[in-house]
Amino acid sequence: GSGTPEPARVAQLVTDFGLRLFRAALAARGDTNVVFAPLGATSVLVALQVATAGRGRQQLEAATGFSIDGEG
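Residues numbered from 1 in each chain as written. Predicted model: local features only at pLDDT ≥ 70, side-chain atom pairs only at ≥ 80, totals over all residues. Heavy atoms only, no water.

Taking an unreviewed UniProt entry as the reference, the chain is identified by name as PAI1 inhibitor belonging to Vidua chalybeata.

*Asks:* Whenever I open this one, helix 3 (residues 54–64) confuses me. Can you help?
*Replies:* Of all the positions in helix 3, only Arg57, Leu60, Glu61 and Thr64 are classed as buried. Buried residues along helix 3 cover an arc of 100° about the axis, so they all sit on one side. The outward face of helix 3, more than 90 degrees from its buried face, is lined by the exposed residues Arg55, Ala62 and Ala63. Gly65 sits one or two positions beyond helix 3 and adopts a positive phi of about 85°. (Buried < 20%, exposed > 50% of the residue type's maximum accessible area, 1.4 Å probe, protein only. Helix = DSSP H or I, 4+ residues; strand = E, 2+ residues; numbered from the N terminus. Arc of directions from axis to C-beta.)

*Asks:* Would you mind showing me how to read the packing of helix 2 (residues 38–51) against helix 3 here?
*Replies:* When two helices pack together, their arrangement is given by the angle between their axes and by how far apart the axes lie. Remark: helix 2 packs on helix 3, axes separated minimally by 9 Å, with the N-to-C direction vectors making an angle of 150°. As summarised for this structure, helix 2 and helix 3 are arranged roughly antiparallel, according to the angle between their axes. In this structure, helix 2 crosses over helix 3, and the sense of that crossing is left-handed. Across the interface between the two elements, Leu45, Leu48 and Gln49 from helix 2 touch Arg57, Leu60, Glu61 and Thr64 from helix 3. By residue class, the composition of the contact of helix 2 with helix 3 is three nonpolar, two polar and two charged. (Axes fitted to C-alpha atoms, helices over the stretch in contact; angles between N-to-C directions. Parallel < 35°, antiparallel > 145°, perpendicular 65-115°, else oblique. Left-handed = near helix turned anticlockwise from the far one by under 90°. Contact = heavy atoms within 4.5 Å. Nonpolar A, V, L, I, M, F, W, Y, C, P; charged D, E, K, R; others polar.)

*Asks:* Could you clarify how one ought to interpret the pattern of salt bridges in this entry?
*Replies:* Where charged atoms of side chains with opposite charge meet at close range, the side chains can pair. Applying the stated criterion to the full structure yields one salt bridge. For Arg57, the salt bridge identified is with Glu61, shortest N-O distance 3.4 Å. Here Glu61 and Arg57 lie together in helix 3, a separation of four residues that amounts to about one turn. (Salt bridge = Lys/Arg side-chain N within 4 Å of Asp/Glu carboxyl O.)

Structure below.
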């Protein structure tokens, strides 16, 4: 839909994606030490959503599980 997304909803979606990303990073590393910033990685993907359109944006939305337009 259109309109301004609810900030609390966007924050929850970003947090959920960051946690999924963190878990995936840990799973790939096994029991070795990992330094990872889910918020930083998520911020880059959100910025990419702002900068893209069409198929690329659809792929980012599918990967993150949310749209900066408030869908998710």
